[in-house]
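The chain contents come next:
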Amino acid sequence: MPPSPHAPDHGAVLAEVRKVRRAGVVRLRALDVPALAGVARDLPRGDGESPGGPVEKVLRLAVSRMGGGTLQTAAEYSLGLAQGTRDWPAADRRRRAAQVYGVSVERFRKHHELMVLGQVAEQIVQLGAESGARAGAAPVSYDRIPAAHRTLPVRVQHGTVPVTLHVHSVDLLRDIDVVVSPTNTYFALPAPYKSSVSATLRRAGAHRDPVGGLVDDRIDDELRGWTARHGAPGRAAQPGTVAVTSAGALDGQGIRRIYHVAVAVPRPESNDYDVQPADITRGVARVFALLAEEAARHDPPLRSVCLPLLGAGRGGLSPLESFAALWAAVEAELARGADWEIHFVVRRHARADLLERLLAARED
């Protein structure tokens, strides 16, 4: 898919983000940042103003879309967006961002900083594209809360199938047989207090006593058992491998299985990892193969599956890249006549709007 004519140039945006890193947001109004200012002009009005004006609002919104974790935290320190850092010198902000990754300042400058700022720029480009698309659409009405569930008719090879978009946290899903969760190639789940999809599912699937004390960490325990049975504890699996566990306490919400898809490949001696679109497509294809194997062994048979945007958080892929990789496997499955119920889950309405536009475009 070609880039939107409304999207700003990534190189120009990155150059301006680097300029902000050097100056800090406290000097933002004095900077010449036309690409950032252009994105700021296209943002919807009426939802507040940041202390540094519309351009700071763009930066804060872009960073907030980075999925949490070390990537987002390092971006906040690098640009002076973290609380109490607005007036910090550039060297102090870089030193604190390096500490987030546990590396020296020099290593961070050479290897991590450009990646962090590049991801900020990627989110700003996406904001610009989304704002430009809205500019060409009918005015949005703000007199009602947007729907948290959208069912769309989507054309595939053999006709039209319904696809449901859920716009909320993954732990609020109800009555879906299989929820797909991204993980790394070691099947090591993040701490349950983190904000990622896999951490949220781990937290929601744990059994607790009446006052909230942990009784058993069911999903993590079962995933460790899966790696032990398959001879893989402490050893990386091939990207695209899928491990299956129960949904733990989420079975009370009608969630029956969790399919853990290994798409994140850790980088040696760092806290970073890489996600390749081809691994996402391969992993989702494996999800459907396992679903076909397991479906009839359950009563009633498994029929529905829900996918988040794999790799679109700390994995570094844009929502468009992630969805394209997911949809390649979904479309192939539906094109052969499979009758699974397909669901997607995202946390933000802007991402749901993007998916809705991409799916609607298939009618053309």
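As the structure is a computational prediction, the values presented were derived from the model and not from experiment.

## Overview of the pattern of salt bridges
Here is step 1: Counted under the stated rule, the structure contains 21 salt bridges.
Here is step 2: A salt bridge links Asp274 to Arg267; the nearest nitrogen and oxygen atoms lie 2.8 Å apart.
Here is step 3: On the accessibility criterion, Arg267 (29% relative accessible area) is partly exposed.
Here is step 4: Ionic pairing is found between Glu333 and Arg336, a salt bridge with its closest N-O pair at 2.7 Å.
Here is step 5: Each member of the salt-bridge network shares a partner with another, and the members are Arg202, Asp217, Asp220 and Arg224.

## Points about the side chain of Glu333
Here is step 1: Position of Glu333 among the secondary structure elements: in helix α10 (residues 319-335).
Here is step 2: Polar side-chain contacts of Glu333 include one of 2.9 Å to the side chain of Trp340.
Here is step 3: With residues near it in sequence (within four places) discarded, Glu333 still touches Phe288, Ala338 and Trp340.

## Regarding the nonpolar core
Here is step 1: Tyr259, Ile280, Val284, Trp327, Val330, Ile342 and Phe344 are the most contacted members of the largest nonpolar core, which totals 46 residues.
Here is step 2: At 7 residues, α10 tops the list of elements feeding residues into this core.
Here is step 3: The next biggest cluster of nonpolar side chains, apart from the first, holds 37 residues, and it includes Leu59, Tyr77, Val100 and Tyr101.

## Focus: the packing of aromatic side chains
Here is step 1: Counted under the stated rule, the structure contains 6 aromatic pairs.
Here is step 2: The structure contains a cluster of three or more aromatic residues connected by ring pairs, namely Phe323, Trp327 and Phe344.
Here is step 3: The ring of Tyr77 carries the charged tip of Arg96 above its face, separated from the ring centre by 4.5 Å.

## Notes on unusual backbone geometry
Backbone geometry follows two general trends: most residues other than glycine have a negative phi, and most peptide bonds adopt the trans configuration.
Here is step 1: A cis amide bond links Asp299 to the next residue, Pro300, at an omega of -5°.
Here is step 2: Position of Pro300 relative to the elements: it lies in the loop between α9 (277-294) and β9 (304-307).
Here is step 3: Positive phi, normally seen in glycine, also occurs at Asp175, with a value near 55°.
Here is step 4: Along the chain, Asp175 turns up in the loop between β2 (159-167) and β3 (178-184).

## Focus: the environment of Ala278
Here is step 1: Looking at the element boundaries, Ala278 is found in helix α9.
Here is step 2: By relative accessible area, which is 46% here, Ala278 ends up partly exposed.
Here is step 3: Placed 50 residues apart in sequence, Ala278 and Ala228 show a C-alpha to C-alpha distance of 27 Å.

## Notes on the packing of helix α1 (residues 10-23) against helix α2 (residues 34-42)
Here is step 1: At a minimum axis separation of 8 Å, α1 and α2 run at an interaxial angle of 100°. One finds that α1 runs roughly perpendicular with respect to α2. Listed contacts from α2 to Val13, Glu16, Val17 and Val20 of α1 are Pro34, Ala35 and Leu36.
Here is step 2: The residue makeup of the contact of α1 with α2, split by class, is 6 nonpolar, no polar and 1 charged.

## Considering the confidence of the model for the protein chain
Here is step 1: Residue-level pLDDT values for the protein chain average 85, and 90% of them are 70 or greater.
Here is step 2: For the stretch residues 1-5, pLDDT sits under 50, and the model shows 3 contacts to residues farther than four places along the chain or on other chains.
Here is step 3: The low-confidence segment residues 46-51 (pLDDT under 50) makes 9 contacts with residues lying over four places distant or belonging to another chain.

Definitions and limits used
- Residues numbered from 1 in each chain as written.
- Predicted model: local features only at pLDDT ≥ 70, side-chain atom pairs only at ≥ 80, totals over all residues.
- Heavy atoms only, no water.
- Salt bridge = Lys/Arg side-chain N within 4 Å of Asp/Glu carboxyl O.
- Buried < 20%, exposed > 50% of the residue type's maximum accessible area, 1.4 Å probe, protein only.
- Helix = DSSP H or I, 4+ residues; strand = E, 2+ residues; numbered from the N terminus.
- Polar contact = N/O pair within 3.5 Å; in protein donor to acceptor, adjacent residues only side chain to side chain.
- Contact = heavy atoms within 4.5 Å.
- Core = buried A, V, L, I, M, F, W, Y, C linked by side-chain atoms within 4.5 Å.
- Phe/Tyr/Trp six-rings, centres within 6.5 Å; stacked < 30°, edge-to-face > 60°.
- Lys NZ or Arg CZ within 6 Å of the ring centre and 35° of its normal.
- Axes fitted to C-alpha atoms, helices over the stretch in contact; angles between N-to-C directions.
- Parallel < 35°, antiparallel > 145°, perpendicular 65-115°, else oblique.
- Nonpolar A, V, L, I, M, F, W, Y, C, P; charged D, E, K, R; others polar.
- pLDDT = per-residue confidence, 0-100.

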